[in-house]
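# Summary of the model geometry
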Amino acid sequence: MHRRGVGAGAIAKKKLTEARYKERGTVLAEDQIVQMSKQLETFKSNLEEFASKHKQEIRKSSQFRVQFQEMCATIGVDPLASGKGFWSEMLGVGDFYYELGVQIIEVCLALKHRNGGLITLDELHHRVLKGRGKFAQDVSQDDLVRAIKKLKVMGNGFGMIPVGGSYLVQSVPAELNMDHTVVLQLAEKKGYVSVSEIRESLKWERERACHVLDHLLKEGLAWLDSQASGEPQYWLPALFSELTSRDVTPEEANQISP
Amino acid sequence: MSFEWPWQYNFPPFFTLQPNVDTRHKQLAAWCSLALSYCRHNKLYTLDIMEAQESPVFNHKNIDRKLSMEAILIVFEELRKKGNLEWLDKNKTRCLVMWRRPEEWGKLIYQWVSKNSMVNTVFTLYELANGDDTESEEFHGLEDWMLIRSLQALQMDGKAEVITMDDGKGVKFF
């Protein structure tokens, strides 16, 4: 059979393709694609310039970090999303939060035998700063919260419980459900709580209140005080304000189990 | 130097025997440590249990909490098991508190003796524990029963010999 000329067939095909694209309403002309790729190149080198200029600032200033994070959020980027990659390598953002995460774990482990694995964000902040020394980089509570969120995602048993305007950081995978959380929030004001207080504030049955308090005792998060006037009180070392600045003594250190 | 109370001392539940086993374990360890530190600080070598109950250690008036007799006995039993306490009577009313073991005392005494080049000298027990020369030493004021045990420990090591003299006991160091 006599073949049709290539030219005629190709033109016909092109017309068909164009017609199909027009149908869908998306027409990407070749020059547009070239244009876009040039823009991306410029964008990338601008970003690299930005990174080298601000790498120092990111490590030094917690305020800058907050603004940087917020900016990233607006454009839909999570600088901590992966260990490798532009943000992590160019800016060292990942490193900063990784190191902070390690520090947080160290502090929580050192105090776990005292507070059962529950610590206020304030105390954690205070101790992390102390551990970093006078000349180290500034670390804000915002930084801590982000680092903890990362730890949580990595499955390190970390959690954050909102109490009294701040957070309690949980570093052991104790099972704390909504009932437990709500009682912790109630206890935050005075550092302790009683069955009557729970019944009055939360309108619970006695059994429900006792169940929660027993669980907190069992998890080592609360201690029983049976010499309080009226009825027993349940105190949380994590909320005991006199404890926050006390260092771990050698005796205590010996008690810490691996 | 004033005594430094541990954080638990101001924590009201510390004076209630904890129902949770793990927490109780930590609590007892802290009580043992506190009792020994307190005795060390105040150079107490014997305790009368009734008096102890009223002492600041077990009776914290500021926060209106005190350790029950039952709990005190449990703490003392822990100390006994660790070798830091010995009952003087079957009824458990008085006890010896060894915040330092006899071997450790012996070592301190011998260090002082050799530092002052007094090896081969004979001392009376009184001179050693209550003499002017030893006033600044930690073992100054050491009670007789502990002193003798410490010297006996040194004797086992061949570093001393306890001798009986006319009016009491003495010791010679080698």
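A quick note: this is a predicted structure, and the numbers were derived from the prediction, not measured. (Residues numbered from 1 in each chain as written. Chains lettered and ligands numbered in written order. Predicted model: local features only at pLDDT ≥ 70, side-chain atom pairs only at ≥ 80, totals over all residues. Heavy atoms only, no water.)

Attention now goes to the packing of helix α1 (residues 21–41) of chain B against helix α3 (residues 69–81) of chain B. Working note: a packed helix pair is described by the angle between its axes plus the distance between those axes. Residues and elements named next belong to chain B. For the pair α1 and α3, the least separation of the axes is 9 Å and the interaxial angle reads 80 degrees. One finds that α1 runs roughly perpendicular with respect to α3. Between α1 and α3, the contacting residues are L28, W31, C32, A35 and L36 on the first element and I74, V75, E78 and L79 on the second. (Axes fitted to C-alpha atoms, helices over the stretch in contact; angles between N-to-C directions. Helix = DSSP H or I, 4+ residues; strand = E, 2+ residues; numbered from the N terminus. Parallel < 35°, antiparallel > 145°, perpendicular 65-115°, else oblique. Contact = heavy atoms within 4.5 Å.)

What follows covers the interface of chain A and chain B. Facing the 23 residues of chain A at the interface are 23 residues of chain B. Applying the counting rule to chain A against chain B returns one salt bridge. Applying the counting criterion to the chain A and chain B interface returns seven residue pairs in polar contact (both at pLDDT 80 or more). Sorting the residues of the side of chain A that touches chain B by element identifies α5 (93–115), α10 (206–218), β5 (223–225), β6 (233–235) and α11 (250–255) of chain A as the ones contributing at least two each. Of the residues contributing to the side of chain A that touches chain B, the split by class is nine nonpolar, six polar and eight charged. (Salt bridge = Lys/Arg side-chain N within 4 Å of Asp/Glu carboxyl O. Polar contact = N/O pair within 3.5 Å; in protein donor to acceptor, adjacent residues only side chain to side chain. Nonpolar A, V, L, I, M, F, W, Y, C, P; charged D, E, K, R; others polar.)

Below, the discussion takes up the nonpolar core. All names here are of chain B. If you look at the biggest cluster of nonpolar residues, it comprises 57 residues, and the most contacted ones within it are W31, F58, F76, L128 and F173. The element contributing the most residues to this core is α1, with nine residues. If near-sequence neighbours (up to four positions away) are discounted, W31 is found in contact with F14, F15, V57, F58, L67 and V75. (Core = buried A, V, L, I, M, F, W, Y, C linked by side-chain atoms within 4.5 Å. Buried < 20%, exposed > 50% of the residue type's maximum accessible area, 1.4 Å probe, protein only.)

Once that is clear, we can look at the sheet that holds strand β2 (residues 159–163) of chain A. Residues and elements named next belong to chain A. Spatial strand order, β1-β3-β2: three strands in an open sheet with antiparallel pairing. In this open sheet, the two strands that pair with only one neighbour each are β1 (118–120) and β2. Geometrically, the sheet is characterised by an average inter-axis angle of 30 degrees between neighbouring strands, direction not taken into account. Bridge analysis of β1 against strand β3 (residues 166–170) gives three bridges, and the strand direction is antiparallel. Bridge pairing in β3 links I119 to V169. Contacts from helix α7 (residues 141–153) reach β2 and β3 within the one sheet, and its direction differs from that of β2 by about 135 degrees. (Pairing = 2+ DSSP bridges.)

Quick look at unusual backbone geometry now. Excluding glycine, residues mostly have negative phi values, and the peptide bonds linking residues are mostly trans. Residue and element names in this part refer to chain B. For K43, which is not glycine, the phi dihedral falls at a positive 50 degrees. Turning to its location among the elements, K43 is positioned in the loop between α1 and β1 (46–48). Using a relative accessible area of 37% as the deciding quantity, one classes K43 as partly exposed. In this model, K92 sits at a positive phi of 60 degrees, which is unusual for a non-glycine residue. Mapped onto the secondary structure, K92 falls in the loop between β4 (85–87) and β5 (94–97).

With that out of the way, let us pick up the packing of aromatic side chains. Residue and element names in this part refer to chain B. Counted by the stated rule, this structure contains 25 aromatic pairs over all chains. Geometrically, the ring pair formed by F14 and F15 is edge-to-face, given 5.9 Å between the ring centres and 85 degrees between the ring planes. Judged by its relative accessible area of 2%, F15 falls in the buried class. An aromatic cluster is defined as three or more aromatic residues linked by ring pairs; in this entry it consists of F3, W5, Y9, F14, F15, W31, Y38, F58, F76 and W87. Over the aromatic face of W105 sits the side chain of R100, whose NZ or CZ is 4.8 Å from the ring centroid. Over the ring of Y110 we find K159, and its NZ or CZ is 5.5 Å from the ring centre. (Phe/Tyr/Trp six-rings, centres within 6.5 Å; stacked < 30°, edge-to-face > 60°. Lys NZ or Arg CZ within 6 Å of the ring centre and 35° of its normal.)

With that settled, consider the pattern of salt bridges. Residue and element names in this part refer to chain B. Evaluation of the coordinates by the stated rule reveals 13 salt bridges over all chains. Ionic pairing is found between R149 and E86, a salt bridge with its closest N-O pair at 2.7 Å. One end of the pair, R149, is in helix α6 (residues 144–156); the other, E86, is in strand β4, with 63 residues separating them in the sequence. Assessed through its relative accessible area of 31%, E86 is described here as partly exposed. The partner of E104 in a salt bridge is R101, with the nearest N and O atoms 3.7 Å apart. Take E104: its relative accessible area is 34%, and that puts it in the partly exposed class. If you follow the salt bridges from partner to partner, you end up with R101, E103 and E104 in one network.

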